[in-house]
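# A closer look at the structure
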Amino acid sequence: MGLTTPECGSVLAIDAGNSKTDVAVVTADGEVLATARGGGFRPPAVGVAAAMDALADPVTRALSDAGLPAASHVSACLANADLPVEEEQLATALHARAWGTSVQVRNDTFAILRAGVAEPRGVAVVCGAGINCVGMRPDGRTARFPAIGRISGDWGGGWGLAEEALWYAARAEDGRGEPTALSRTLPAHFNLPSMYALIEALHLEHVEHNRRHELTPVLFETAAQGDPIARSIVHRLAEEVATMATVALTRLDLLTEQTPVLLGGSVLTAGHTQLNDTIQDLLSSRAPKADVRVVTASPVLGAALLGLDRLGAGVGVGAQERARAYWERRD
């Protein structure tokens, strides 16, 4: 049996994204005692206190099911923890909840990275609603970007791709830009006859704002059919991914070492052939030692492994393998 008291060592692992939160209680030997799922974690929208209140539901259920009043360590990988000052603010809020003796908060991209590697060493680029990149070494060194949108130099992400596709399609229809099939395929997705009709529907919110993300798969489908404009947008995303990964590898002095480069998030794990092949080709020339992989492991596993690293139990005692086996069975 695994360890069942916080004094013996346990991790409360939290992977909190914008749409859902996964929580697990894991012993120092890698046994998963309990898991729970909750809603999204959105401090910028609701405030830190309300976000913590929402987090309390899955955390309380997981700790109760594990038979623990608290864990010895909280390993929290949180969306919207984009800057160190935000990580500190959220760590303080977690400390106040007394869910664990110690707390470490990281951006949720670190969870995807750690879930995909056998040791805390590598680079991950994540492209879902937004885009981000982080890297780490076992000695604690990290590389990261602010990743808060265009003001921090970002381009890409599902929302950004949809906006870019709309821009090209609108200009193609009214004559300001080059012709593209996007001017037909984007409005057709909503059963509308033209880009003008789609622009009106989006502006007047006859099509809900949050449905714009549905246009990203349409962009990739149009690119796969050979449309030059759509393909150029996909190529630009591949350039962004390769650039972020190369910069992170360079910052960590890993450019000349065999190093995992992990691709995660809904856009990069969807199997878009042009995108993935172009990323591979670009990294082959810019970072020949990069071992490019797509990560499908659950991010909460990464949060758990980061916690085990902190306890000193993640390597050499089978804890990592035991935790991985649990989520592999679930997946």
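Numbers given for residues are sequential positions, taken from 1 along each chain in its written order. Selection of residues for local features in this predicted model requires a pLDDT of at least 70, selection of side-chain atom pairs for listing and counting requires 80 or more, and totals for whole chains, interfaces and linings are taken over all residues. With hydrogens and water stripped out, all remaining heavy atoms of the structure feed into the side-chain values.

### Details of the overall build of the chain
- When helices and strands are tallied, the chain shows twelve helices and ten strands.
- The reference for a compact globule is 2.2 Å times residues^0.38; the radius of gyration itself is calculated from the C-alpha atoms. Relative to a compact globule of 331 residues, whose C-alpha radius of gyration would be 20 Å, the chain shows 21 Å and is just as compact.
- Dimensions of the chain along its principal axes, counting C-alpha atoms only, are 70 × 45 × 35 Å.
- Between buried and exposed lies partly exposed: a residue is buried under 20% and exposed over 50% of the maximum accessible area for its type, with that area taken using a 1.4 Å probe on protein chains only. Per-residue burial for the chain yields a buried fraction of 53% across its 331 residues.
- Contacts between residues were defined by any pair of non-hydrogen atoms, one from each residue, lying within 4.5 Å. Pairs at least 24 apart in sequence give 68% of the contacts found in the chain among residues at least 6 apart.
- For the accessible areas, the method is Shrake-Rupley and the probe is 1.4 Å, while residue cover comes only from the protein chains on display. Within the structure as shown, the chain displays about 14,600 Å² of accessible surface, and the carbon and sulfur contribution to it stands at 51%.
- When charges are counted, Lys and Arg are positive and Asp and Glu negative, with His and the chain ends excluded. Every charge is mapped to an atom, namely NZ of Lys, CZ of Arg, CG of Asp or CD of Glu. Across the chain, the mean location of the 28 positive side-chain charges is 3 Å away from that of the 38 negative side-chain charges. In this description a helix means any DSSP run of H or I spanning at least four residues, a strand means any run of E spanning at least two, and both kinds are numbered starting from the N terminus.

### What to know about the sheet that holds strand E6 (residues 122-127)
- Pairing between strands is defined by DSSP: at least two bridges between them are needed. Read from one edge to the other, the open sheet built from five strands follows the order E8-E7-E6-E9-E10, with strand pairing classed as mixed. Every other strand in the sheet has two partners, leaving strand E8 (142-144) and strand E10 (290-294) as the edge strands with one partner each. In this sheet, adjacent strand axes meet at a mean angle of 15° when their direction is disregarded.
- Across six bridges, E6 lies against strand E7 (residues 131-136) in antiparallel orientation. When the bridges of E7 are listed, Val125 appears paired with Cys133.
- Sheet contacts for helix H9 (residues 228-251): E6, E7, E8, strand E9 (259-264) and E10; angle to E7, the most-contacted strand, approximately 25°. Fitted lines through C-alpha atoms serve as axes, helices being fitted only where they are in contact, and the angles separating the N-to-C directions of these axes extend from 0 to 180 degrees.

### Focus: the packing of helix H11 (residues 299-311) against helix H12 (residues 319-330)
- In contact at an axis separation of 10 Å, H11 and H12 are set at 165° when each is read in the N-to-C sense. One way to sum up the angle between H11 and H12 is to call them roughly antiparallel. Considering the relative orientation of H11 and H12, their crossing is right-handed. Between H11, through Val300, Leu301, Ala304, Leu305 and Leu308, and H12, the contact on the second element is made entirely by Ala319, Gln320, Ala323, Arg324 and Trp327.
- Side-chain classes are defined by residue name, with Ala, Val, Leu, Ile, Met, Phe, Trp, Tyr, Cys and Pro counting as nonpolar, Asp, Glu, Lys and Arg as charged, and the others, Gly among them, as polar. Looking at the contact of H11 with H12 residue by residue, the classes come out as eight nonpolar, one polar and one charged. Small angles under 35 degrees read as roughly parallel and large ones over 145 as roughly antiparallel, with 65 to 115 read as roughly perpendicular and the rest as oblique. We call a crossing left-handed when the near helix sits turned anticlockwise from the far one by less than a right angle, and right-handed when that turn is clockwise.

### Re helix H3 (residues 84-97)
- Helix span, expected: 1.5 Å multiplied by one less than the number of residues in the helix. With 14 residues, H3 should reach 20 Å at 1.5 Å per residue; the first-to-last C-alpha distance of 20 Å fits that figure.
- Among all positions in H3, only Glu87, Leu90, Ala91, Ala93 and Leu94 are buried. Along the axis of H3, the buried positions cluster into a sector of 165°, meaning they face one direction only. Turned more than 90 degrees from where H3 packs its buried face, Val85, Glu88, Thr92 and Ala96 sit exposed.
- The elements touched by buried residues of H3 are helix H1 (43-46), helix H2 (48-66), strand E4 (71-78), strand E5 (100-107) and E8.
- Once H3 finishes, Ala98 follows within two positions and takes phi at roughly 60°, a positive value. By definition, the arc is the one covered by directions from the helix axis to the C-beta atoms.

### What to know about the pattern of salt bridges
- Each reported salt bridge corresponds to a side-chain nitrogen of Lys or Arg within 4 Å of a carboxyl oxygen of Asp or Glu. Taken as a whole and assessed by the stated rule, the structure comprises 14 salt bridges.
- Between Asp291 and Arg293 there is a salt bridge, with its nearest N and O atoms 2.9 Å apart.
- With a relative accessible area of 28%, Asp291 lands in the partly exposed category.
- For Arg293, a relative accessible area of 33% translates into the label partly exposed.
- Residues joined by salt bridges that share partners form a network here, namely Lys20, Asp22 and Arg37.

### Some words on the side chain of Asp82
- Position of Asp82 relative to the elements: it lies in the loop between E4 and H3.
- One buried charged residue, Asp82, remains without a salt bridge, the closest side chain of opposite sign being Arg144 at 6.2 Å.
- Excluding residues that lie within four positions of it along the chain, Asp82 makes contacts with Asn107, Asn132, Arg144, Phe145, Pro146, Ala147 and Ile148.

### What about the pairing of E10?
- Sheet analysis places E9 next to E10, joined by five bridges and oriented parallel. Note on E10: the bridge partner recorded for Val261 is Val292.

### Focus on the sheet that holds strand E3 (residues 32-39)
- With mixed pairing, the five strands of this open sheet are ordered in space as E3-E2-E1-E4-E5. Because the sheet does not close on itself, it has two edges, and the strands there are E3 and E5. Direction aside, neighbouring strands of the sheet carry axes that sit 15° apart on average.
- Across the sheet, H3 touches E4 and E5, and the angle it forms with E5 is around 155°.
- With respect to the sheet, H12 is in contact with strand E2 (20-27) and E3, its orientation differing from that of E3 by roughly 55°.

### Observations concerning the nonpolar core
- Grouped together as the largest cluster of nonpolar side chains are 52 residues, with contacts concentrated most on Leu182, Leu186, Leu237 and Leu275.
- Leu182 has contacts with Ala165, Ala169, Pro187, Met195, Leu219, Thr222, Asp227, Ile229, Ala230 and Ile233, leaving out every residue within four places of it along the chain. In this text, buried Ala, Val, Leu, Ile, Met, Phe, Trp, Tyr and Cys residues form a nonpolar core when linked through side-chain atoms within 4.5 Å.

Interpretation note: all reported values are geometric properties and have no functional meaning in isolation.
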